[in-house]
Amino acid sequence: MASEIVVVDSFSTDSTEAIANQHGAKFIQHQFEGHIEQKNYAIAQAKNDIILSLDADECLSAELAASIKSLTNLDPQTAYRMNRLTNYCGQWIHHCGWYPDAKVRLFHRSTAHWGGQNPHDKIIVDQGVQVLDLVGDLKHYSYYTIGEHLVQIDKFSTIAANELVRKNNTQYLVLKMCFSPTFSFIKSYLVQLGFLDGRFGFIVCVLSAYYRFVKYAKVFMMTRQEAGS
């Protein structure tokens, strides 16, 4: 049982606040400034030093919960990694590069923080911090329909494209549009055995490749617009 639950909400219009209050959570509304920024803000709101960071569409399997409860050495120099298992349209995806998808999510806030590149955030641990693996899966309920996935691709590709433009990482865009999606599909469907996940495995691999194409296409259009302005 967690001694504190902190929910940071970017002004959602559903029943998130009511559910959070029902379970005794500390509910905070904060304007969304980016995935990394929002999660670091959430860490800063906690009173305790040991942080278990979860997205709204994630939960612990019974095995993973038991692994966490069994821990006795929660010190600043140790962080814990767990495998994330994604449910896609009702099917668990065990390949496609989506599993084991190991994530550091349990850590001491003095020696770890959220970093990476929006929207693909990740926990960065300080030098010298050991990362240990936990038994059990972090269950991730990603998309209930393909339509939801396409909406998210449009959203995430725009965020990623803006980040690439901001960092001036805009070289070889035509080559990236041509070859990055192809290599992505070959890797996820053949090398990472996406075909073993059946029809949904094929869809996941195709849409993962499509995401790469759309991301670089948006960067291409952004740079052309800037050049013409």
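## Some words on the overall build of the chain
Next up, step 1: Secondary structure summary: the chain contains six helices and 10 strands in total.
Next up, step 2: Its C-alpha atoms give the chain a radius of gyration of 19 Å, near enough to 17 Å, the size a compact globule of 229 residues would have.
Next up, step 3: Each principal axis of the C-alpha atoms in the chain carries an extent, and together these give about 55 × 45 × 40 Å.
Next up, step 4: Looking at the chain residue by residue over its 229 residues, the buried ones come to 38%.

## A word on the state of the cysteines
Next up, step 1: Under the criterion given, the structure shown has zero disulfides.
Next up, step 2: Free of any disulfide, Cys89 has its nearest neighbouring cysteine sulfur in Cys96, separated by 12 Å.
Next up, step 3: This cysteine, Cys205, is not joined by any disulfide, and Cys96 carries the nearest cysteine sulfur, 3.8 Å off.
Next up, step 4: Of the residues examined, Cys205 reaches a relative accessible area of 0% and is grouped as buried.

## Notes on a nonpolar patch on the surface
Next up, step 1: On the surface, Tyr172, Leu175, Phe179, Phe183, Ile186, Leu190, Val191, Leu193, Phe195 and Leu196 cluster together into a nonpolar patch covering about 1,000 Å² of accessible area.
Next up, step 2: Owing to a relative accessible area of 47%, Leu190 belongs among the partly exposed residues under this scheme.

## Points about helix 3 (residues 62-69)
Next up, step 1: Regarding helix 3, the residues found buried are Leu64, Ser67 and Ile68. Projected down its long axis, helix 3 shows its buried positions confined to an angular sector of 95 degrees, all on one face. When the buried face of helix 3 is taken as reference, the exposed residues oriented beyond 90 degrees from it are Ala62 and Lys69.
Next up, step 2: As for helix 3, its buried residues are in contact with strand 3 (50-52), strand 4 (58-60), strand 5 (78-88), strand 7 (102-108) and strand 10 (130-143).

## Things to note about the packing of aromatic side chains
Next up, step 1: Inspection of the entire model under this criterion finds nine aromatic pairs.
Next up, step 2: Judged by centre distance (5.8 Å) and plane angle (75 degrees), the rings of Tyr88 and Trp98 are edge-to-face. Of this pair, Tyr88 sits in strand 5 while Trp98 sits in the loop between strand 6 (91-93) and strand 7, placing them 10 residues apart in sequence.
Next up, step 3: On the accessibility criterion, Tyr88 (0% relative accessible area) is buried.
Next up, step 4: Ring centres of Tyr88 and Tyr143 lie 6.0 Å apart, and the angle between their planes is 80 degrees; on these two criteria the pair is classed as edge-to-face. Here Tyr88 is found in strand 5, whereas its partner Tyr143 is found in strand 10, with 55 residues between them in sequence. Residue Tyr88 shares its accessibility class with Tyr143, and that shared class is buried.
Next up, step 5: Here the aromatic residues Tyr88, Trp98, Tyr143 and Phe200 are joined through ring pairs into a cluster of three or more.
Next up, step 6: The side chain of Lys39 reaches across the aromatic face of Trp114, ending 4.3 Å from its centre.

## Considerations on the nonpolar core
Next up, step 1: In terms of nonpolar packing, the biggest core is built from 14 residues, with Tyr88, Ile93, Cys96, Trp98, Val204 and Tyr211 touching the most fellow members.
Next up, step 2: Put simply, the parts of the chain that give this core at least two residues each are helix 4 (146-166) and helix 6 (198-228).
Next up, step 3: When residues in this core are grouped by element, the largest group, four residues, is from helix 6.
Next up, step 4: When sequence neighbours within four positions are dropped, the list of residues in contact with Val204 reads Tyr88, Ile93, Cys96 and Trp98.
Next up, step 5: With 11 residues, the next largest nonpolar core counts Ile36, Ile43, Val104 and Ile123 among its residues.

What counts and how
- For every chain, the first residue of the written sequence is number 1, and numbering continues from 1 along that sequence.
- Local features in a predicted model are, by the rule used here, given only for residues with pLDDT of at least 70; side-chain atom pairs are given and counted only at 80 or more, and totals for whole chains, interfaces and linings are based on all residues.
- As a rule here, side-chain values come from all non-hydrogen atoms in the structure, and water together with hydrogens is ignored.
- The helix and strand labels rest on DSSP assignments: H or I over at least four residues marks a helix, E over at least two residues marks a strand, and numbering proceeds from the N terminus.
- Radius of gyration: over C-alpha atoms. The globule rule applied is 2.2 Å multiplied by the number of residues raised to the 0.38 power.
- Here the term buried applies to any residue with accessible area under 20% of the maximum for its type, exposed to any over 50%, and partly exposed to those in between, with areas from a 1.4 Å probe on protein chains only.
- Whenever a pair of cysteine sulfur atoms sits within 2.5 Å, that pair is classed as a disulfide.
- What makes a patch is a set of residues exposed beyond 30% relative accessible area and free of salt bridges, joined within 9 Å when like-charged and within 5 Å when nonpolar (Val, Leu, Ile, Met, Phe, Trp, Tyr).
- With residues, only the protein chains shown are counted as cover, and all accessible areas are computed by Shrake-Rupley using a 1.4 Å probe.
- In the sections that follow, a salt bridge refers to a side-chain nitrogen of Lys or Arg positioned within 4 Å of a carboxyl oxygen of Asp or Glu.
- Relevant arc is that of directions from the helix axis to the C-beta atoms, nothing else.
- Between two residues, a contact is recorded if the distance between any of their heavy atoms is within 4.5 Å.
- For Phe, Tyr and Trp, where Trp contributes only its six-membered ring, two rings pair if their centres lie within 6.5 Å, and the inter-plane angle classes them as stacked under 30 degrees, edge-to-face over 60, or tilted in between.
- Note on geometry: a ring has a charge over it if NZ (lysine) or CZ (arginine) is within 6 Å of the ring centre and within 35 degrees of the ring normal.
- To qualify as a nonpolar core, a set must consist of buried Ala, Val, Leu, Ile, Met, Phe, Trp, Tyr and Cys residues joined through side-chain atoms within 4.5 Å.

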